[in-house]
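Understanding the architecture of this molecule
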Amino acid sequence: MTGVILAIVLCLSVAIRAEFPDDPKPCKYADGDCIVKLVNTMFQERSSAADPSLNLKQLEPLKIDSMTVSQGEEKSPVAINLKFTNNLLYGIKDITFTKVKGFDKDPTAVHEIKAVTKVFSMIGPYTIKGKVLILPISGTGQSNITLVNMKAIIRFSGKAVEKNGETYLDVDDLKLSIKPESAHFYFGNLFNGDKALGDNMNVFLNENSEAIYQETGAAIEKAFGDKFMEIVKDVFSKHPYAKLFAQE
Ligand SMILES: *[C@@H]1O[C@H](CO)[C@@H](O)[C@H](O)[C@H]1NC(C)=O
């Protein structure tokens with residue numbers, strides 16, 4: 001679930017910097033070390049709430065109005081339709097960026113961001129229906145999906161678009177890859193509140209979390225990837241690409 005967020009964060013940081021061009025100092029094109037340092041510094045400053053004008057509060061927690069994880073392949077041992085509404089995602093403030101590629105003078109080159117985070121939790125209302133390793137599952141209630149020690153990679157690219165004499169990056173492709181060391185699931189009020197069935201299912205899900213994540217990871221990456229894509233697209237459409245970098 002990363003990260004997904006990573007892109008958001010990086011882009012928000014970049015966007016903010018675009019409005020405050022001298023503080024912190026922007027990086028040169030393709031200067032991955034500088035960009036990593038800059039973004040990590042901004043994160044640390046932001047989480048200590050040093051500058052309310054940055055208005056980044058909503059990143060921690062991040063509101064997820066709605067998200068669907070749909071995994072319906074015939075042969076998969078997990079076939080579920082899982083919907084989250086009005087969830088809150090915690091953990092963005094502790095993301096550490098480790099490597100950045102791209103962000104070159106040519107905006108259309110592939111941009112890649114690598115990051116790690118310790119605990120990433122999505123909390124809030126869910127609805128689930130389907131089948132998990134032969135067992136039927138259904139319910140509506142509050143859930144907690146937690147991913148621990150996650151590594152994330154976001155890759156995105158787009159087209160160069162001219163507007164009012166400036167070049168913008170129109171992001172049209174974003175791929176997210178996340179690898180948690182472990183995944184923890186909790187679904188409250190499963191099976192219409194049948195406590196024994198619900199408790200058993202939660203134990204079962206967590207005992208098999210590796211296999212379940214194996215089957216649902218791609219759908220989760222897609223769901224988050226789509227969210228990030230919207231945000232990344234939005235940020236780059238508001239700021240001319242060159243304005244995000246120090247000019248030689
Ligand atoms: C969510 O689950 C994680 C892992 O089980 C736990 O550490 C955390 O306290 C839970 N968060 C909430 C708000 O219940």
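Coordinates for the structure precede this section.
Here is a short report on the structure shown in this document. This structure is a prediction, so every number in the text was calculated from the model and none was measured.

**What to know about the nonpolar core**
- With 61 residues, the main nonpolar core has F103, I137, F156, F187, F224 and F236 as its most contacted residues.
- If we skip the residues at most four places from it in the chain, I137 touches I80, I128, K129, G130, K131, V132, L190, F191, M201 and L205.

**Let's talk about the pattern of salt bridges**
- Summed over the entire model, instances satisfying the criterion amount to nine salt bridges.
- Between E112 and R155 there is a salt bridge whose closest N-O contact spans 2.7 Å. Here the residue E112 occupies a position in strand β4 (residues 111-132), and R155 occupies one in strand β5 (residues 135-163), the gap between them amounting to 43 residues.
- Across the pair D170 and K233 runs a salt bridge, and its minimum N-O distance is 2.8 Å. Note that D170 is positioned in strand β6 (residues 166-187) and K233 in helix α4 (residues 209-238), a separation of 63 residues in sequence.

**Some details on the packing of aromatic side chains**
- In this structure the tally under the stated criterion is seven aromatic pairs.
- With centroids separated by 5.7 Å and ring planes inclined at 50°, the aromatic side chains of F156 and F236 adopt a geometry described as tilted. Residue F156 is located in strand β5, and its partner F236 is located in helix α4; the two are separated by 80 residues in the primary sequence.
- Judged by its relative accessible area of 1%, F156 falls in the buried class.
- Taken together, Y29, F103, F156, F236, Y241 and F245 form an aromatic cluster joined through their ring pairs.

**Things to note about the state of the cysteines**
- What the rule picks out here adds up to one disulfide.
- C27 shares a disulfide with C34; S-S distance 2.1 Å. Across the S-S bond of C27 and C34 the torsion is about -80°, and the bridge reads as left-handed.
- Taking the relative accessible area as the measure of exposure, C27 reaches 1% and is therefore buried.

**Overview of α4**
- Taking 1.5 Å as the rise per residue, α4 with 30 residues should run 44 Å; its terminal C-alpha atoms sit 40 Å apart, in good agreement.
- The largest bend in α4 comes to about 50°, at T216.

Conventions we followed
Residues numbered from 1 in each chain as written. Predicted model: local features only at pLDDT ≥ 70, side-chain atom pairs only at ≥ 80, totals over all residues. Heavy atoms only, no water. Core = buried A, V, L, I, M, F, W, Y, C linked by side-chain atoms within 4.5 Å. Buried < 20%, exposed > 50% of the residue type's maximum accessible area, 1.4 Å probe, protein only. Contact = heavy atoms within 4.5 Å. Salt bridge = Lys/Arg side-chain N within 4 Å of Asp/Glu carboxyl O. Helix = DSSP H or I, 4+ residues; strand = E, 2+ residues; numbered from the N terminus. Phe/Tyr/Trp six-rings, centres within 6.5 Å; stacked < 30°, edge-to-face > 60°. Disulfide = S-S within 2.5 Å. Expected span 1.5 Å × (residues − 1). Bend = angle between axes of the 7 residues up to and from the residue.

These figures come from the coordinates and say nothing about function on their own.
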